[in-house]
Structures are given as C-alpha cells and as structure tokens.
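Chain by chain, the residues:
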Amino acid sequence: MKQNIKITMLGTTGAGKTCYILGLYSTMQLGLEGFSLSCQDMDDDLRLTEQWEQLVFAEEGEDRWPSATGNEPHNYAFDFSYGLKPMMGFEWLDYRGGAMSDLSTESDVNTLRTHLVESSCVFLCISGELLKQKLTESQLNIIARRAGVTRMISYLAELAKAKQPTNENPYPVVITITKYDQCFQRNKDEILEDIKNIFRIFFQPNSGWLTMICPVSLGKELAENKNTGQIEPKNMHLPLVFAIYFGYSNELRQQENRAKRKKDDLEILRGGNFLERWMNTEQIKSLENSLNNNQEQIEELKKRMRFLRQQLTNANLYLSGTEMQLDV
Ligand SMILES: Nc1nc2c(ncn2[C@@H]2O[C@H](COP(=O)(O)OP(=O)(O)OP(=O)(O)O)[C@@H](O)[C@H]2O)c(=O)[nH]1
Ligand SMILES: [Mg+2]
C-alpha cells in the first residue's frame, strides 16, 4: 500500500475547518461523479457520521453544529477512490484554530507544524462572513488579520523553506472560501479580487505558488438562518481533487526521474562491445523490464491526472498570480 499524502487546512477558530471535513466526507462517502471517500479507521467513520447526522437531522438550533475543536487534534486517514478502487490515501488533521496563534510550547502547535511541513497541499480557510461587502484598502488589512492571514504566512514561510517552490515545480495551495452562502449575493469576480488582495503573497510573479480559489458551503439556505437552513453541501470535493491531482503530479515527477536514470544506465550497458554486452545480458534484460514497468505507471498516472483535471475545468487557478489551466 502506498504512503498517504498529507493535507493541512489552515484557518482560525470558527473558520469552518471541522465543518469542511464533515461536509467533504459525507458528500463523498456515497460517491460523487464516481469518486468516493472512506475512512481507513472504522471508528473515524462513526465519529464523522455521528457529527454529520447531528448537523442534518438533529433538532434545529445552535446544537446542530459541532463544538469548537479542543486541544487534542485528531488525525484522520482517508482513502480516495474511483469506482471503489483506491486512488490515493491522505491524512487530515482536525485541530483547534487557536493553535495557529499559540506559542510552540503547546503540544498541538507542534502537531500542526509537523503535519504542515509534511503536507503535499495546503488549504487556507477564509470565511465568507468576512467577505460580505467590497473591501476598502484599510478594511482589507483588518479582514486579513481577522482571518489569521498573517499567521498563515508565517506558517507558509516555514513550508516554503522545506519545499522551495518554483514555477517549474510549484506548490499547490487552495484558498477555500468557507460559508460562501454568506457572501453569495456579491459578484464573484469582485470577491476573487478581494481574495487576491488579502492573500497578495501567493499572487506574485515567480513565487512558485499554484493557487486555486474555491468557494464552498454547507448549503445556501444557511445564509438565511444557519440553525434551521437545509444542509446541501456545494463544491466540497473540488479542493480535494486538486490536492490529489498534485499528489499524482509529484509521483509522476519521481517516476519520470527514475525512468530517465534507467534509460541512461541502459544506454551505457548497450554501448559496450560485444563481449561486454554478452556479459551484461541479464542486467540489460532486468533494466528493460523495470523501465517498462515505470513507463506503464507513468501512463496510468497521466490517465488519472487527465481524469481529475476534467473536474477542475471551471476552477480559478493561478500560477504565481497568472491565471492558468492544468495540463498533463
Ligand atoms: N452559514 C454557514 N455557516 C457555517 C458553515 N460551515 C460552518 N458554519 C458555521 O461556522 C461555525 C464554526 O465552524 P467549525 O467548522 O466548527 O470551525 P473550526 O474552524 O473547526 O473552528 P475551531 O475548531 O475552533 O478551530 C459552525 O459552528 C457554524 O455555525 C457554512 O457552510 N455556512
Ligand atoms: Mg474545529
């Protein structure tokens, strides 16, 4: 079994992290466009299902919502599948947003930092509640602080040191606008402009961040009344599809490097004189087989990436600030 990739969502307390993972799991548990999600640990399934049912079926009122996450973070491990065939495993940390602005003497702060530095993709969570109106320059600053963007940037600076993103080898980030029902009445392009101004750092030339801006919501009726509105999740799967796409993209790069090394080795072995070639027959054969194997895996990865990419054709994607589309 392949190793799980890790995904971290950064966001302050109340930004909607726990609700996001609940919404993501429950919409994908039954399958969405052929994709599905299952927990690697059955107890996690119970834990998530219970909270979800509370949200959807329990009596209306404040109690339907999960409580704020305590200082014991919970690590979930999921399998992302297509037609029930596992495509990739990933780990998700549900932690209290307060940990983002605590000293590193708190134990959950270190759990979060370790998870983040090992992550293949980061989701930054900003609540639609903060984007209800067009923001002036001075409001932008206040909102950025309220959304914890300054802390996010410190965390990402640490990540950038570990990953060294470049335009050739960019690092994927999803800015998820949670509770989008709260700002739904606004013009989307205007919201995108506000987001780019709040998260300016990701939209700089040559910065090497590949950013997707993605609105998500647990239901549009929540805009009217969050305690009685119907739960009807929107777009929850898209950030995950993006993260899995880049999980594959990393794997593809590794496979391509391996194939290249094998090709070089083969060339040297085949370049020998008759006697040398005869002596290396076995080695040449085994390298050829292993190269074929690599090439099959490369084709399979590309196929999966093309497939995931189809889900993202309407997504708002930017490489170092320039709007772009994915290609394989
Ligand atoms: N209108 C609306 N409200 C939402 C939505 N999702 C979450 N909320 C509200 O936001 C509150 C906080 O969400 P949580 O997911 O608990 O926030 P969190 O980021 O996990 O917070 P901590 O655990 O304290 O870090 C919920 O209790 C809901 O009241 C949504 O899609 N729409
Ligand atoms: Mg929480």
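Residues numbered from 1 in each chain as written. Chains lettered and ligands numbered in written order. Predicted model: local features only at pLDDT ≥ 70, side-chain atom pairs only at ≥ 80, totals over all residues. Heavy atoms only, no water.

S.K.: Pulling in residues and values, what's your account of the overall build of the chain?
M.R.: In terms of helices and strands, the chain carries nine helices and nine strands. Expressed along its principal axes, the backbone C-alpha trace of the chain runs to roughly 80 × 45 × 40 Å. The buried share among the 328 residues of the chain stands at 48%. Long-range pairs, those at least 24 residues apart, make up 75% of the contacts in the chain with a sequence separation of at least 6. As displayed, the chain has an accessible area near 16900 Å², and 48% of this comes from carbon and sulfur atoms. (Helix = DSSP H or I, 4+ residues; strand = E, 2+ residues; numbered from the N terminus. Buried < 20%, exposed > 50% of the residue type's maximum accessible area, 1.4 Å probe, protein only. Contact = heavy atoms within 4.5 Å. Areas by Shrake-Rupley, 256 points an atom, 1.4 Å probe, with all protein chains shown as cover.)

S.K.: Lay out the domain arrangement of the chain in plain terms, naming residues and giving numbers.
M.R.: Domain annotation of the chain identifies domain 1 (5-236) and domain 2 (249-313). Residue-level contacts link 11 residues of domain 1 with eight residues of domain 2. The junction of domain 1 with domain 2 conceals about 700 Å² of combined surface from both sides, 62% of it contributed by carbon and sulfur atoms. For domain 1, the biggest contributors to the area lost against domain 2 are Phe35, Met87 and Asn169; these three give 51% of the whole. Between the two partners, domain 1 and domain 2, sit zero salt bridges. Inspection of the domain 1/domain 2 interface yields one residue pair in polar contact (both at pLDDT 80 or more). For the side of domain 1 that touches domain 2, the elements supplying multiple residues, two or more each, are strand 3 (74-82) and strand 4 (85-94). Counting residues per element, the side of domain 1 that touches domain 2 draws most heavily on strand 4, which supplies three residues. In the side of domain 1 that touches domain 2, the residues fall into seven nonpolar, two polar and two charged. (Domains from an automatic or database assignment. Buried area = accessible area lost by both parts, 1.4 Å probe. Salt bridge = Lys/Arg side-chain N within 4 Å of Asp/Glu carboxyl O. Polar contact = N/O pair within 3.5 Å; in protein donor to acceptor, adjacent residues only side chain to side chain. Nonpolar A, V, L, I, M, F, W, Y, C, P; charged D, E, K, R; others polar.)

S.K.: Lay out the coordination of the magnesium ion (ligand 2) with the relevant residues and their values.
M.R.: Within the protein, Thr18 (OG1) and Thr69 (OG1) serve as the donor atoms for the magnesium ion (ligand 2), at 2.0 to 2.1 Å. Of the two residues, Thr18 sits in helix 1 (residues 17-29) while Thr69 sits in the loop between helix 2 (42-57) and strand 3, which places them 51 residues apart along the sequence. (Donors = N, O, S within 2.8 Å, 3.2 Å for Na, K, Ca; no water.)

S.K.: Mind laying out the site of ligand 1, listing which residues take part and the relevant values?
M.R.: Taken together, 21 residues lie near ligand 1, and Thr13, Lys17, Cys19, Gly97 and Asp181 sit nearest. Within the side chain of Thr18, one N or O atom sits 2.8 Å away from an oxygen atom of ligand 1. At 2.7 Å, a side-chain N or O of Asp181 approaches a nitrogen atom of ligand 1. Taken by itself ligand 1 offers 660 Å² of open surface, and the protein chains cover 93% of this. Of the residues assigned to the shell around ligand 1, the class counts are seven nonpolar, nine polar and five charged. (Near = heavy atom within 4 Å.)

S.K.: Can you tell me about the packing of helix 1 against helix 7 (residues 237-270), naming the residues and giving the values?
M.R.: At a minimum axis distance of 9 Å, the contact between helix 1 and helix 7 shows a crossing angle of 85 degrees. As far as their axial angle goes, helix 7 and helix 1 are roughly perpendicular. Contacts between helix 1 and helix 7 involve Tyr20, Leu24 and Met28 from the first element and His237, Pro239 and Leu240 from the second. When its residues are assigned to classes, the contact of helix 1 with helix 7 shows five nonpolar, one polar and no charged. (Axes fitted to C-alpha atoms, helices over the stretch in contact; angles between N-to-C directions. Parallel < 35°, antiparallel > 145°, perpendicular 65-115°, else oblique.)

S.K.: Now, about helix 4 (residues 137-146): what can you tell me, with residues and values included?
M.R.: Those residues of helix 4 that fall on the buried side of the exposure criterion are Leu140, Ile143 and Ala144. Within helix 4, the buried residues cover an arc of 105 degrees as seen down the axis, which keeps them to one side. Along helix 4, exposed side chains directed more than 90 degrees from the buried face belong to Ser138, Ile142, Arg145 and Arg146. Of the surrounding elements, those touching the buried residues of helix 4 are helix 5 (149-163) and helix 6 (188-198). Gly148 sits one or two positions beyond helix 4 and adopts a positive phi of about 75 degrees. (Arc of directions from axis to C-beta.)

S.K.: Account for the UniProt feature "coiled-coil region" (unreviewed entry) in the chain, with residues named and values stated.
M.R.: The sites that UniProt annotates as "coiled-coil region" (unreviewed entry) are residues 249-318. Its end C-alpha atoms 17 Å apart, residues 249-318 is made of 84% helix and 4% strand. (UniProt positions renumbered as here; feature names shortened; annotations may be inferred.)

S.K.: Tell me about the pairing of strand 4, and please be specific about residues and values.
M.R.: In the case of a regular strand, side chains alternate between the two sheet surfaces. Burial of strand 4 is extensive: eight of the 10 residues sit out of reach of the surface. Across three bridges, strand 1 (residues 5-10) lies against strand 4 in parallel orientation. Across the sheet, residue Ile7 finds its bridge partner in strand 4, namely Trp92. Connecting strand 3 to the antiparallel partner strand 4 that follows it, the hairpin turn spans two residues, and Gly83 within it adopts a positive phi of roughly 55 degrees. (Pairing = 2+ DSSP bridges.)

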